Amino acid sequence: MTTLTPIGLVATAVSNPAAVNPVPERESLMTAHPHNEIFAPDPAFAEQANAGPDEYERASADRLAFWDEQARRLDWSDEWSEVLDWSDAPVAKWFVGGKLNAAYNCVDRHVEAGNGDRVAIHWVGEPTDDARDITYAELKDDVSRTANYLSSLGLVAGDRVAIYMPLLPETYVAMLACARLGLTHSVVFAGFSSAALRSRVDDAEAKVVITADGQFRRGKPAPLKAGVDEALGSSLDSVDGPAESVQKVLVVRRTGIDVDWQDDRDVWWDEVIPSQSTDHTPEGFDAEHPLFVLYTSGTTGKPKGIIHTTGGYLTQASYTHHVVFDHKPGKDIYWCTADVGWVTGHTYGVYGPLSNGATCMVYEGTPNSPTEHRHFEIIEKYGVTIYYSAPTLIRTFMKWGREIPKSHDLSSIRLLGSVGEPINPEAWRWYREHIGGDAVPIVDTWWQTETGAIMISPLPGATATKPGSAMRPIPGVEASIVDGDAKQVPPEEQGFLVITEPWPAMLRGIWGDMERYRDTYWSRFAEEGYYFAGDGAKWDSDGALWILGRVDDVMNISGHRISTSEVESALVGHDSVAEAAVVGADDATTGQAIVAYVILRESAPEDTDRLELIDELRATVSREISPIAKPRDITIVPELPKTRSGKIMRRLLKDMAEGREGGDTSTLSDPSIMEQIRTKGTRG
Ligand code: PRX
């Protein structure tokens with residue numbers, strides 16, 4: 001049962017609102033502030049908003065009819081016969097029998113509607129004199145040329161293409177060209193290591209890899225093609241031979257740095273794409289055709305290839321972009337700062353905004369290249385109106401100081417968004433005050449690679465907001481917070497966040513491992529058929545929803561998901577390491593930081609300089625996974641805290657990493673271990 005409270009928030013049935021509950025780990029971060037402010041929607045904003053409060057009522061009156069209506073935002077070549085087929089749960093079919101082309105919806109139809117001259121992408125390179133504007137008409141030509149080239153290679157719908165690129169216009173073109181042909185793309189973040197790229201290429205059996213010679217990072221060109229060569233060759237420790245699935249590597253010339261070349265495999269983009277015809281007729285694909293696979297960390301060392309399909313995904317991407325960001329085509333300048341290597345870059349960098357005919361900012365570089373003013377200069381110069389970013393960046397801006405945004409005219413901004421991790425109230429308030437002129441709405445959007453699109457967020461013209469809360473499920477999404485027995489928890493009590501009904505953009509499986517799909521997300525509450533999100537959450541007594549962080553072994557570093565076991569296996573891959581335990585510890589800037597405890601092998605040379613070894617271990621993790629996964633602290637310890645049955649007690653290590661003392665050590669096989677770690681460990 002849900003009821004409406006005076007501030008328009010949904011409250012769950014209240015059994016005992018005054019109940020005192022154990023304090024969840026992240027609670028202090030969330031409620032430390034003395035105020036419990038509520039920001040009601042500004043009437044002037046509400047007046048012009050794309051969605052009003054009635055949106056919730058319409059959706060709850062008939063959820064499937066509501067999504068049927070949203071699917072009609074898109075152009076379909078064939079109508080569907082049924083909105084949802086859930087008979088094969090947990091694998092959903094949405095818009096059964098419907099056909100559409102995602103690239104046509106993101107590009108061609110805007111040109112056909114007479115908006116070909118509208119800028120689709122304002123691209124800004126990292127070097128300050130580098131910028132290009134691409135209109136929808138130009139984008140259509142580029143996507144068609146690239147589709148023609150990919151077809152000429154013999155690729156057919158259903159084949160996989162890996163994309164390993166910095167944020168370039170060609171990255172957008174590559175993704176859309178795949179979508180146009182029904183090729184399932186797998187974008188691999190260009191900051192990932194060769195080993196990570198290789199495992200993703202192998203898992204999806206990609207036939208083509210699209211990359212660039214290099215990328216600009218902090219003013220300097222850094223190689224990228226060299227990493228692809230390493231990944232596809234046989235030089236990696238982790239592989240037996242060259243990547244057999246890959247037939248072609250298409251290389252965008254970005255930096256002009258020297259690259260090795262394999263004539264029968266490698267092709268320069270600028271030598272094959274510009275000469276292609278701009279005529280290309282898009283074909284409608286089944287609503288359930290896999291649009292992309294995106295790998296994300298799970299609780300084991302092996303990343304999961306999350307599968308998203310075409311019709312349901314695009315419907316929810318388009319709808320949420322329209323209502324959560326209140327986007328007005330032709331008026332707004334919309335900037336989602338995420339890289340396309342992550343799901344946010346897919347849904348709110350590419351598919352959501354382009355399906356709505358948006359004009360998007362796309363910036364290649366880091367926020368402090370060449371100075372910490374860069375984002376604000378871009379906002380000012382292009383008149384950015386909607387800015388969607390992550391708490392870790394907001395906290396970094398806070399560290400750099402308010403004088404920086406203050407020295408720019410940011411008055412064009414009318415809406416701010418946040419995603420990727422819980423936003424602490426202080427950062428929320430700072431964001432509103434110093435970037436949003438103390439006036440604009442903030443949408444804190446909760447969702448996951450798996451959910452495909454926003455699930456929990458305020459609607460800026462309809463929902464009151466509280467600093468730090470994601471507020472409530474969007475229209476058409478049903479969520480609950482339950483205890484281990486699937487019973488709803490009362491307000492102020494922490495429970496597990498679950499999604500209780502299927503939603504259009506939901507994942508359809510894990511590439512090549514449907515059992516893991518069922519197991520990871522659907523076995524925890526199998527009887528109820530709930531999707532288990534892996535996050536802790538609570539309702540407060542006003543009915544606002546608070547996300548309290550992961551409840552599994554997944555860490556969240558600057559909004560990036562990394563599993564503890566991935567980092568542990570990279571560490572034990574080093575010759576000197578016998579055992580490793582990794583925990584995520586609270587960090588003022590990155591949300592969580594990786595903290596590792598390692599035991600050395602007997603065979604490790606006695607005279608090794610331990611601090612040097614620690615540096616080497618950090619480099620190993622960086623090489624094996626990504627620099628993002630580099631532990632902040634590594635401590636070499638004589639032993640790890642284990643129970644009598646040999647299970648590592650990470651909770652004690654987490655307490656230690658976060659500076660808490662005196663956790664319950666009674667179940668340890670040797671209670672003196674924690675003291676030994678404290679006194680004998682070498683930390684670097
Ligand atoms: O723990 C939640 C956190 O990020 C996880 C999903 O990570 P990923 O699949 O990489 O997708 C990130 C971008 C959608 C979630 O399980 N998370 C994401 N958004 C929020 C969040 N935690 C709190 N508040 C959010 N707004």
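First, a word on scope: everything that follows refers to the structure included in this document. (Residues numbered from 1 in each chain as written. Predicted model: local features only at pLDDT ≥ 70, side-chain atom pairs only at ≥ 80, totals over all residues. Heavy atoms only, no water.)

## Here we look at the overall build of the protein chain
Turning to step 1, where the next piece is worked out: Helix and strand counts for the protein chain come out as 21 helices and 33 strands.
Turning to step 2, where the next piece is worked out: Relative to its length of 684 residues, the protein chain is compact, with a C-alpha radius of gyration of 25 Å against a globular reference of 26 Å.
Turning to step 3, where the next piece is worked out: The principal-axis extents of the C-alpha atoms in the protein chain amount to approximately 75 × 65 × 55 Å.
Turning to step 4, where the next piece is worked out: By residue count, 62% of the 684 residues in the protein chain fall in the buried class.
Turning to step 5, where the next piece is worked out: If you sum the accessible surface of the protein chain, you get close to 25900 Å²; carbon and sulfur atoms cover 48% of it.
Turning to step 6, where the next piece is worked out: Within the protein chain, one finds 64 positive and 102 negative side-chain charges whose respective centroids are separated by 2 Å. (Helix = DSSP H or I, 4+ residues; strand = E, 2+ residues; numbered from the N terminus. Rg over C-alpha atoms; globule rule 2.2 N^0.38 Å. Buried < 20%, exposed > 50% of the residue type's maximum accessible area, 1.4 Å probe, protein only. Areas by Shrake-Rupley, 256 points an atom, 1.4 Å probe, with all protein chains shown as cover. Lys, Arg positive; Asp, Glu negative; His and termini not counted. Charge placed at Lys NZ, Arg CZ, Asp CG, Glu CD.)

## What about the site of the ligand?
Turning to step 1, where the next piece is worked out: Close to the ligand lie 17 residues, the nearest being Thr445, Thr449, Asp535, Arg550 and Arg561.
Turning to step 2, where the next piece is worked out: Within the backbone of Thr445, one N or O atom sits 2.7 Å away from a nitrogen atom of the ligand.
Turning to step 3, where the next piece is worked out: Here an oxygen atom of the ligand and a side-chain polar atom of Thr449 are 2.6 Å apart.
Turning to step 4, where the next piece is worked out: In the complex, 96% of the free accessible area of the ligand, which totals 540 Å², lies under the protein chains.
Turning to step 5, where the next piece is worked out: Elements that contribute at least two residues to the shell around the ligand include exactly helix H12 (343-355), strand S22 (442-445) and strand S27 (545-550).
Turning to step 6, where the next piece is worked out: A class-by-class count of the residues in the shell around the ligand yields six nonpolar, six polar and five charged. (Near = heavy atom within 4 Å. Polar contact = N/O pair within 3.5 Å; in protein donor to acceptor, adjacent residues only side chain to side chain. Nonpolar A, V, L, I, M, F, W, Y, C, P; charged D, E, K, R; others polar.)

## Let's talk about the side chain of Asp159
Turning to step 1, where the next piece is worked out: Tracing the chain through its elements places Asp159 in the loop between helix H6 (136-152) and strand S8 (160-164).
Turning to step 2, where the next piece is worked out: A distance of 3.3 Å separates the side chain of Asp159 from the side chain of Lys207, its partner in a polar contact.
Turning to step 3, where the next piece is worked out: Every residue in contact with Asp159, bar those within four places of it in the chain, is listed here: Gly154, Leu183, Thr184 and Lys207. (Contact = heavy atoms within 4.5 Å.)

## Side note on the sheet that holds strand S6 (residues 119-124)
Turning to step 1, where the next piece is worked out: Sheet architecture is open: seven strands sit in the order S7-S6-S19-S18-S20-S21-S22, paired in mixed fashion. Among the strands making up the open sheet, the edge pair consists of strand S7 (131-135) and S22. Sheet twist, expressed as the mean angle between neighbouring strand axes with direction ignored, is 20°.
Turning to step 2, where the next piece is worked out: Judged from the three bridges that link them, strand S18 (residues 333-336) and strand S20 (residues 386-389) form a sheet pairing that is parallel. Bridge pairing in S20 places Tyr334 opposite Ile386.
Turning to step 3, where the next piece is worked out: Docked against the sheet, H12 engages S6, S18, strand S19 (359-363), S20 and strand S21 (415-419), running at close to 160° with respect to S18.
Turning to step 4, where the next piece is worked out: In this fold helix H16 (residues 425-435) packs onto S20, S21 and S22, with an angle of close to 150° to the strand it touches most, S21. (Pairing = 2+ DSSP bridges. Axes fitted to C-alpha atoms, helices over the stretch in contact; angles between N-to-C directions.)

## What about the nonpolar core?
General note: in soluble globular proteins, nonpolar side chains tend to be found buried as a group.
Turning to step 1, where the next piece is worked out: Counting residues in hydrophobic clusters, the biggest one holds 137 residues, and the most contacted among them are Leu139, Tyr351, Leu354 and Leu497.
Turning to step 2, where the next piece is worked out: Considering each element in turn, this core owes the most residues, nine residues, to helix H7 (residues 169-181).
Turning to step 3, where the next piece is worked out: Excluding residues within four positions of it along the chain, Leu139 makes contact with Val107, Ala120, Ile121, Ile134, Val173, Leu176 and Leu354.
Turning to step 4, where the next piece is worked out: Membership of the second largest hydrophobic core comes to 26 residues, among which are Met361, Phe376, Val384 and Ile413. (Core = buried A, V, L, I, M, F, W, Y, C linked by side-chain atoms within 4.5 Å.)

By themselves these figures say nothing about function.
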